[in-house]
Amino acid sequence: MDYPERYGVIVIGGGHAGTEAALASARMGVKTLLLTHNIETLGMMSCNPAIGGIGKSHLVKEIDALGGAMATATDFGGIQFRVLNQRKGPAVRATRAQADRALYRAAIRNILENQPNLQIFQQSADDLIVEGDNVRGVVTNTGIRFHGDTVVLTAGTFLGGVIHVGMQNSSGGRAGDPPSIALAHRLRELPFSFDRLKTGTPPRIDAKTVDFSELQEQWGDKPDPVMSYLGHVSQHPEQVCCWITHTNEKTHDIIRGGLDRSPMYSGVIEGVGPRYCPSVEDKIHRFADKNSHQIFIEPEGLNTHELYPNGISTSLPFDVQINLVRSIKGFENAHITRPGYAIEYDYFNPQELKFNLETKHMNGLFFAGQINGTTGYEEAGAQGLLAGSNAALMSQGKEGWCPRRDEAYLGVLVDDLISMGTKEPYRMFTSRAEYRLLLREDNADLRLTEKGRELGLVDDVRWAAFCEKREAIERESTRLSQTWVHPKVENIEQVNNTLGQPLTREYSLLELLRRPNLSYQQVVELADNTVVDPQVAEQVEIQVKYAGYIERQQEEITRLRRYENTELPESFDYHGVEGLSNEMKQKLTEARPTSLARASRIPGVTPAALSLLLVYLKKQG
Ligand code: FAD
């Protein structure tokens, strides 16, 4: 049957990409349908119940700055919060939260169900309605035809999903969920290039069977950091402890003894796994000289005894899993509640996407999340927000958008994917961004909220809070530049002690804050000790202390913008460029970069090739 209503955007999949996509489109006022296998698994974390971490928290804060749900759900579901890299510079500082799996899911569902313009429907999408090169809607497994202007596909690890435990394998989207077979077949008929990737998860452990007495405790930071710019510690549920233990030589021997029945080492699994989140058998094999690996033991939630042993993801046979777990300190009598497993799935070459995540082969069809070759909730959520908002823009007849590399990690992520593609699950790191000092987790709102407001992604409450913060930063900077400390002030002794040398002339507080040895707190204490919001104080301090570096990065960006602004048409004939080597012609024809800057980031494309392109474009006028 044809469903009686028509949608501007239809999103397939209620994981991290799908929920952010559906919310973004609906926030922009477009009638949106979220079609997913199971409403109970909306916002489900397939693996580690944790959000954020290095590079990833930057994405979470960017999603938040654009009005998305991930950071807010983390504040309602987080049971341990920490800021990693606290002693390093602000560019690489990263908030990480351990989440209660059920509370996180409930928070996401609550946000979805209360979102105007959004309808949710539980069923499997088995087919796309296609007319020529245009997508027109989705057909479900019971034959319901949903019609829409655009479709955002976010099927995660479900397309052609195969689960492996030892030499046994079975179809599945993740443990306990069906795979998406019909849709995978349909997509393979369409002109998309696809390949296989794999990922894995550790066995879960019953806390009642663990001996915690010898394990190292790990508590969160105090005071608790918050994830959302609008978040507050009062939203956090009870905070709990995590623990640390280690593998040992015996564990490694058990693993080596099981490798002949490992699907990875016997060639049963063909997909490439995540380099930065390897299985324990991979670690033992690759780092043969190490006799111990760290394991973080993380609670799955407040109302469950299940534990997530972070660091022993495995697809070894179950009997080997029992032995390897029980060889670890604290786990001698451990009961496994769910076996670890690996999953193989289809992903599509992201080089066949446009900057707005629309597929090049089919108008109105957008791809986001794990199906684009990424791994991680945060990477998926960020792409979902971008794809959902662009699908909404298309249905409104408006131009698409994507932040540049110097504006957001989201820009880096999409640019990396569409320019270079990926042969292994791509995860975000701060090292992937060339303008790290500009793209900090503390300033994602200052970088993106105004754009989000313009697009219709940011509601009145967030906008008002943002404007107030931005003005307060301005006010405080001005105040510091106009507040003076004179050599004759009453508290000159305190001043000289703080400075570590006698004050010889009058200085503004702003000038003093530039000194590397003085903190914001110390500087304001020299004058009237005015108290401002800590978020405002942090911004002022970073902006003043790093002003020189930030300025230099800005200058470089301006210089390189010439390349960003030099467009390369989709139909560009690289074979017609005189002097370009065959290798360059092939690389550029395959990747079809949309600008000279994107061409420059394709691995192997040389500065000489870029010069030839520039000369050729100039000649063409
Ligand atoms: P998902 O979260 O997988 O969501 C996909 C959604 O689409 C699901 O709700 C599904 O039901 C729905 N769906 C699929 N097909 C259809 C259809 N045809 N019709 C309707 N609904 C459909 N990431 C890491 O960073 N580190 C790890 O160690 C890690 N380990 C993992 C281990 C396992 C076993 C799995 C399965 C994933 C792991 N991940 C890991 C990846 C992480 O779970 C994903 O990156 C993230 O969930 C991707 O989000 P997504 O929205 O793209 O897809």
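Conventions used here
Counting of residues starts from 1 at the beginning of each chain's written sequence and follows it residue by residue. At least 70 in pLDDT is required for a residue's local features to be given in this predicted model, at least 80 for side-chain atom pairs to be given and counted, and no such filter applies to totals for whole chains, interfaces and linings, which use all residues. For side-chain calculations, the full set of non-hydrogen atoms in the structure is used, while hydrogens and water are omitted. If DSSP finds at least two bridges between two strands, the strands pair. For helices the rule is a DSSP run of H or I covering at least 4 residues; for strands it is a run of E covering at least 2, with both sets numbered from the N terminus onward. Only C-alpha atoms enter the line fits that serve as axes; for helices the fit covers just the stretch in contact. Angles between N-to-C directions range over 0 to 180 degrees. Take the buried residues of types Ala, Val, Leu, Ile, Met, Phe, Trp, Tyr and Cys, join any two whose side-chain atoms come within 4.5 Å, and each joined set is a nonpolar core. A simple rule labels every residue: compare its accessible area, found with a 1.4 Å probe on the protein chains alone, to the largest value its type can have, and call it buried under 20%, exposed over 50%, or partly exposed in between. We call two residues contacting when some pair of their heavy atoms lies within 4.5 Å. In this analysis a 1.4 Å probe is tested at points of a 1 Å grid over the protein atoms alone, and where it fits but cannot get out there is a cavity; an open set with protein on both sides within 12 Å along at least five of seven lines is a pocket; lining residues have an atom within 4 Å of a point. Grid points are joined across faces, edges and corners, and a volume is the space filled by probe spheres set on the points. Three classes are used: nonpolar for Ala, Val, Leu, Ile, Met, Phe, Trp, Tyr, Cys and Pro, charged for Asp, Glu, Lys and Arg, and polar for all others, with Gly counted as polar. UniProt positions are given in the numbering used here, feature names are shortened, and annotations may be inferred rather than shown by experiment.

Chemist: Help me get a handle on the sheet that holds strand E13 (residues 204-206), residues and values and all.
Modeler: Overall, antiparallel pairing links the six strands, which are arranged E14-E15-E16-E17-E13-E18 in an open sheet. Two strands lie at the open edges of the sheet, namely strand E14 (216-218) and strand E18 (336-338), each paired on one side alone. The average angle at which neighbouring strand axes cross in this sheet is 35°, direction not considered. Two elements, E14 and strand E15 (residues 242-246), share three bridges in a ladder whose sense is antiparallel. When the sheet's bridge partners are listed, Glu217 is paired in E15 with Trp243.

Chemist: If you had to explain the nonpolar core to someone new, which residues and values would you point to?
Modeler: Grouped together as the largest cluster of nonpolar side chains are 99 residues, with contacts concentrated most on Leu128 and Leu187. No other element matches helix H9 (residues 377-395), which puts nine residues into this core. The contact partners of Leu187, leaving out residues within four places of it in the chain, are Leu128, Leu153, Leu159, Phe192 and Phe348. With 22 residues, the next largest nonpolar core counts Ile205, Val280, Ile295 and Phe331 among its residues.

Chemist: So what about empty space enclosed by the protein? Which residues, and what values?
Modeler: Applying the stated criterion across every chain, the model contains three cavities of 30 Å³ or more. Estimates place the volume of the largest cavity at around 70 Å³. Taken together, Leu353, Lys354, Phe355, Lys360, Ile418, Ser419, Ala591, Arg592, Pro593, Thr594 and Arg598 make up the lining of the largest cavity. Residue composition of the lining of the largest cavity, by class: five nonpolar, two polar and four charged. Here the second largest cavity is characterised by a volume of approximately 40 Å³. If you trace the second largest cavity, you find it lined by Gly15, His16, Thr19, Glu20, Gly43, Met70, Tyr104 and Ile108. Going through the elements one at a time, helix H1 (16-27) and helix H4 (101-113) are the ones with two or more residues in the lining of the second largest cavity. Residue composition of the lining of the second largest cavity, grouped by class: three nonpolar, four polar and one charged.

Chemist: Tell me about the UniProt feature "binding site: FAD" (unreviewed entry) in the protein, and name the residues and values.
Modeler: UniProt marks Gly13, Gly14, Gly15, His16, Ala17 and Gly18 with the feature "binding site: FAD" (unreviewed entry), using the numbering shown here. From the set just named, the residues that line the second largest cavity comprise Gly15 and His16. Examined against the element boundaries, Gly13 turns out to sit in the loop between strand E1 (2-12) and H1. Its relative accessible area of 11% is what places Gly13 among the buried residues. Dropping the residues within four chain positions of it, Gly13 is found in contact with Gly18, Thr19, Leu34, Leu35, Thr36 and Thr154. Along the chain, the position of Gly18 falls in helix H1. You can call Gly18 buried: its relative accessible area is 0%. Residues within four places of Gly18 in sequence aside, it is in contact with Val11, Gly13, Leu34 and Thr154.

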